[in-house]
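# Inside the fold
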Amino acid sequence: MTNRKDLKRTINYICSELFAECIAASLYGGKQDKQNTEALLTSILRINNDFVKRISHPEPGMPKKKYFQVLIHDFNEQVSEIIDQISNVG
């Protein structure tokens, strides 16, 4: 298992890439739906904040290895949903 610092760095990197991809898709895509794009950007920021906070404060009583496996699985699911939404923006 990687340490918390690396995990936070990875989450920040992925979220920043998603943010940039969303902006690029909204600028260069055929449709111009400003509200949908802003909602998507806001959700990316919320995901980033939520998961970084979850790394810093694991649930008490749950084994750390299991906790971080669940956290990574949840993050991957959220990222997949965001990627699907970005493909619909462009």
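Right, let's walk through the structure included here. Residue numbers here run from 1 along each chain, matching the order of that chain's written sequence. Reporting in this predicted model follows two pLDDT cut-offs: at least 70 for local features of residues, and 80 or more for side-chain atom pairs to be given and counted; totals over whole chains, interfaces and linings ignore these cut-offs and use all residues. Heavy atoms throughout the structure, all of them, feed into the side-chain values; hydrogens and water do not.

## Some thoughts on the overall build of the protein chain
To keep it simple, the criterion reads: Numbering goes from the N terminus for both helices and strands, where a helix is a DSSP run of H or I of at least four residues and a strand is a run of E of at least two. For the exposure calls, accessible area comes from a 1.4 Å probe over protein chains only, and a residue counts as buried if that area is under 20% of its type's maximum, exposed if over 50%, partly exposed in between.
Each helix and strand in the protein chain was counted, giving three helices and zero strands. In the protein chain, the order of α-helices and β-strands from amino to carboxyl end is α-α-α. Its C-alpha atoms give the protein chain principal-axis dimensions of about 50 × 20 × 15 Å. Counting the 90 residues in the protein chain, one finds 27% classified as buried.

## What to know about the packing of helix α2 (residues 34-56) against helix α3 (residues 64-89)
Here is the rule: As a rule, the C-alpha atoms of each element are fitted with a line to give its axis, helices using only the stretch in contact, and angles between N-to-C directions run from 0 to 180 degrees. For this classification, under 35 degrees means roughly parallel, over 145 means roughly antiparallel, 65 to 115 means roughly perpendicular, and everything else is oblique. The contact criterion used throughout is that any non-hydrogen atoms of two residues lie within 4.5 Å. Three categories are distinguished: nonpolar for Ala, Val, Leu, Ile, Met, Phe, Trp, Tyr, Cys and Pro, charged for Asp, Glu, Lys and Arg, and polar for the others, with Gly belonging to the last.
Two elements in contact, α2 and α3, have axes whose closest approach is 11 Å; the angle formed by their N-to-C orientations is 170°. Judged by the inter-axis angle, α2 sits roughly antiparallel to α3. Of the residues in α3, those in contact with Asn36, Thr37, Leu40, Ser43, Ile44, Ile47, Phe51, Arg54 and Ile55 of α2 are Tyr67, Phe68, Leu71, Asp74, Phe75, Gln78, Ile82, Gln85, Ile86 and Val89. Grouping the amino acids of the contact of α2 with α3 by side-chain chemistry returns twelve nonpolar, five polar and two charged.

## Some points on the environment of Ala39
You can see Ala39 is positioned in helix α2. When the C-alpha atoms of Ala39 and Phe19 are compared, they prove to be 12 Å apart, with 20 residues separating the residues in sequence.

## Quick look at the pattern of salt bridges
Threshold: Salt bridge, as applied in this entry: a Lys or Arg side-chain nitrogen positioned within 4 Å of an Asp or Glu carboxyl oxygen.
Using the criterion set out here, one finds two salt bridges in the structure. The salt bridge involving Arg9 is made with Asp6; its shortest N-O contact spans 3.7 Å. In this pair, Arg9 and Asp6 both sit in helix α1 (residues 4-28), three residues apart, roughly one turn of the helix. Arg54 is the salt-bridge partner of Asp74, the closest N and O atoms lying 3.2 Å from each other. Of this pair, Asp74 sits in helix α3 while Arg54 sits in helix α2, and the two are 20 residues apart along the sequence. The exposure class of Asp74 is partly exposed, given its relative accessible area of 24%. Relative accessible area serves as the criterion here: at 22%, Arg54 is assigned to the partly exposed category.

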